[in-house]
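Listed here are the chains, written in short residue letters.
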Amino acid sequence: GDSVTQMEGPVTLSEEAFLTINCTYTATGYPSLFWYVQYPGEGLQLLLKATKADDKGSNKGFEATYRKETTSFHLEKGSVQVSDSAVYFCALSDSGTASKLTFGTGTRLQVTL
Amino acid sequence: GAGVSQSPRYKVAKRGQDVALRCDPISGHVSLFWYQQALGQGPEFLTYFQNEAQLDKSGLPSDRFFAERPEGSVSTLKIQRTQQEDSAVYLCASSPGTGRSEQYFGPGTRLTVT
């Protein structure tokens, strides 16, 4: 079945550092790929998405590129802020009509001054 | 506008009790999903509704779990004879369409079974 593998956290960075959170997936067909973020005390929010190979999703300075050849969707940001501290989830939606999401286990990011 | 709301936000149940968790989706959203999130894990799919029809319940872990959405709006997830392994955060999400459109999540209900 479908699966998503994320790098384990926590990831601790200083403010203005470069961020990469790795995500790889296994799926039959051509899934859509997502990054969701969960800030402390809040619900899951969609951060960005990509629906086909070589698409780049971007939002709030975060980017991720759908790489079919390496089945990856790594999240990057050039300069993190303390306010980016949260848990980040990589997810996929398979090519069926019911677009249920399959999530990774999440990566906690802690940004310090 | 109002987002997805869930109630109660926290629920403590003694083992063997029945619980009912409510989800109010965004008005007009066709699709509704329930997920279960154990501590330190990602959400896992439980069931999916398109309007009032339950089209996929493959993720429900046992026949103690039951979900309904009788009028195609509010949904209730019921767990009978709760067990300790049912302790988790239960997330509801709604989506305006039936394809791979964005899902909007509620804040979740944290269920603790003692």
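Below: a short report on this structure. Since this is a predicted model, take the numbers as computed values, not measurements. As a convention, each chain's residues are numbered from 1 in the sequence order in which they are written. Whichever chain is written first becomes A and whichever ligand is written first becomes 1, with later ones labelled in order. Local features in this predicted model are restricted to residues of pLDDT 70 or higher, and side-chain atom pairs are both shown and tallied only at a pLDDT of 80 or more, whereas totals for entire chains, interfaces and linings draw on every residue. The side-chain figures draw on all heavy atoms in the structure; neither hydrogens nor water molecules are used.

1. Here we look at the overall build of chain A
Thought 1: Counting its regular elements, chain A contains zero helices and 12 strands.
Thought 2: Of the regular secondary structure in chain A, the N- to C-terminal order runs β-β-β-β-β-β-β-β-β-β-β-β.
Thought 3: Structurally, chain A occupies a C-alpha span of about 45 × 30 × 20 Å along its principal axes.
Thought 4: Buried means the residue's accessible area, taken with a 1.4 Å probe over protein chains only, is under 20% of the maximum for its type, while exposed means over 50%, and partly exposed covers the values in between. The buried share of chain A, taken over its 113 residues, is 47%. Strands here are runs of E lasting at least two residues and helices are runs of H or I lasting at least four, both read from the DSSP assignment and numbered beginning at the N terminus.

2. Describing the sheet that holds strand 3 (residues 19-24) of chain B
Residues and elements named next belong to chain B.
Thought 1: Strand pairing follows a simple DSSP-based rule, namely that at least 2 bridges must link the two strands. Here four strands make up an open sheet; going across it, the order is 1-3-8-7 and the pairing antiparallel. Single-partner strands in this sheet number two, and they are strand 1 (5-7) and strand 7 (65-68). The mean angle between the axes of side-by-side strands here comes to 15°, regardless of whether they run parallel or antiparallel.
Thought 2: In this sheet, strand 8 (residues 75-79) lies alongside strand 3 in antiparallel orientation, the contact comprising five bridges. Of the residues in strand 8, the one forming a bridge with C23 is S75. Geometry is summarised by axes, namely lines fitted to C-alpha atoms with helices restricted to the contacting stretch, and by angles between N-to-C directions that run from 0 to 180 degrees.

3. Brief notes about the interface of chain A and chain B
Thought 1: Chain A puts 20 residues into the contact, and the matching count from chain B is 20 residues.
Thought 2: Overall, the association of chain A and chain B removes approximately 1600 Å² of surface from exposure, summing both partners, and the carbon and sulfur fraction of that is 52%.
Thought 3: Accessible area, probed at 1.4 Å, shrinks when two parts are joined; the buried area is that loss added up over both. Three residues stand out in chain A for area buried against chain B, namely L44, S99 and K100 of chain A, and they jointly supply 30% of the buried area on that side.
Thought 4: Here a salt bridge means any side-chain nitrogen of Lys or Arg lying within 4 Å of a carboxyl oxygen belonging to Asp or Glu. On the surface where chain A and chain B come into contact, there are one salt bridge.
Thought 5: Whenever a nitrogen or oxygen atom comes within 3.5 Å of another N or O atom, the pair is scored as a polar contact, on the condition that within protein one atom can donate a hydrogen and the other can accept it, and that pairs from neighbouring residues in sequence are kept only if both atoms are in side chains. Scanning the region where chain A abuts chain B turns up two residue pairs in polar contact (both at pLDDT 80 or more).
Thought 6: For the side of chain A that touches chain B, the leading source of residues is strand 5 (residues 32-38) of chain A, giving three residues.
Thought 7: Each residue is assigned to one class: nonpolar for Ala, Val, Leu, Ile, Met, Phe, Trp, Tyr, Cys and Pro, charged for Asp, Glu, Lys and Arg, and polar for all the others, Gly among them. Of the residues assigned to the side of chain A that touches chain B, the class counts are nine nonpolar, nine polar and two charged. We call two residues in contact whenever any of their non-hydrogen atoms come within 4.5 Å of each other.

4. Concerning the nonpolar core
Thought 1: Judged by nonpolar contacts, the single largest core of 26 residues is most densely connected at L19, W35, L47, L48, F73, L75 and Y88 of chain A.
Thought 2: Secondary structure elements with two or more residues in this core: strand 2 (11-14), strand 3 (19-21), strand 4 (23-26), strand 5, strand 6 (44-50), strand 8 (62-65), strand 10 (86-93) and strand 12 (107-112) of chain A.
Thought 3: Contact partners of L48 of chain A, with chain neighbours within four places excluded, come to L33, F34, W35, G57, S58, N59, F62, E63, A64, F73 and L75 of chain A.
Thought 4: Definition of nonpolar core: a set of buried residues of the types Ala, Val, Leu, Ile, Met, Phe, Trp, Tyr and Cys, connected through side-chain atoms within 4.5 Å. Counting residues in each nonpolar core, the second largest holds 20 residues, with F49, Y90, C92 and V113 of chain B among its members.

5. Side note on the state of the cysteines
Residues and elements named next belong to chain A.
Thought 1: Disulfides are defined as cysteine sulfur pairs within 2.5 Å. Within the structure shown, the criterion is met by two disulfides over all chains.
Thought 2: Bridging C23 to C90, the disulfide has an S-S length of 2.0 Å. When the S-S torsion is -70°, as for the bridge of C23 with C90, the disulfide is left-handed. Remark: C90 occurs in strand 10 and C23 occurs in strand 4; sequence separation between them is 67 residues.
Thought 3: For C90, a relative accessible area of 1% puts it in the buried group.

6. Points about the layout of surface pockets
Thought 1: A pocket here means an open set of points on a 1 Å grid, computed over the protein atoms alone, that has protein on both sides within 12 Å along at least five of seven lines. A cavity is instead a set of points where a 1.4 Å probe fits but cannot get out; residues with an atom within 4 Å of a point line either one. Grid points are joined across faces, edges and corners, and a volume is the space filled by probe spheres set on the points. Space inside the largest pocket adds up to approximately 670 Å³.
Thought 2: Every residue lining the largest pocket is counted, 29 residues in all, and those nearest its centre are Q38 of chain A together with Q37, L39, V89 and R110 of chain B.
Thought 3: Elements represented by at least two residues in the lining of the largest pocket include exactly strand 10 and strand 12 of chain A together with strand 9 (88-95) and strand 11 (109-113) of chain B.
Thought 4: In terms of residue count, strand 11 of chain B provides more of the lining of the largest pocket than any other element does, four residues in total.
Thought 5: By volume, the second largest pocket is sized at about 260 Å³.
Thought 6: L101 and T102 of chain A together with P43, E44 and F45 of chain B are, among the 16 residues lining the second largest pocket, the residues nearest its centre.

7. Regarding the pairing of strand 5 of chain A
Residues and elements named next belong to chain A.
Thought 1: The buried fraction of strand 5 is high, at seven of seven residues.
Thought 2: Burial of strand 5 is two-sided: the residues S32, F34, Y36 and Q38 facing one way and the residues L33, W35 and V37 facing the other way are all buried.
Thought 3: Note that strand 5 and strand 10 share seven bridges and pair antiparallel. Bridge pairing in strand 10 places V37 opposite Y88.
Thought 4: Sheet analysis places strand 5 next to strand 6, joined by six bridges and oriented antiparallel.

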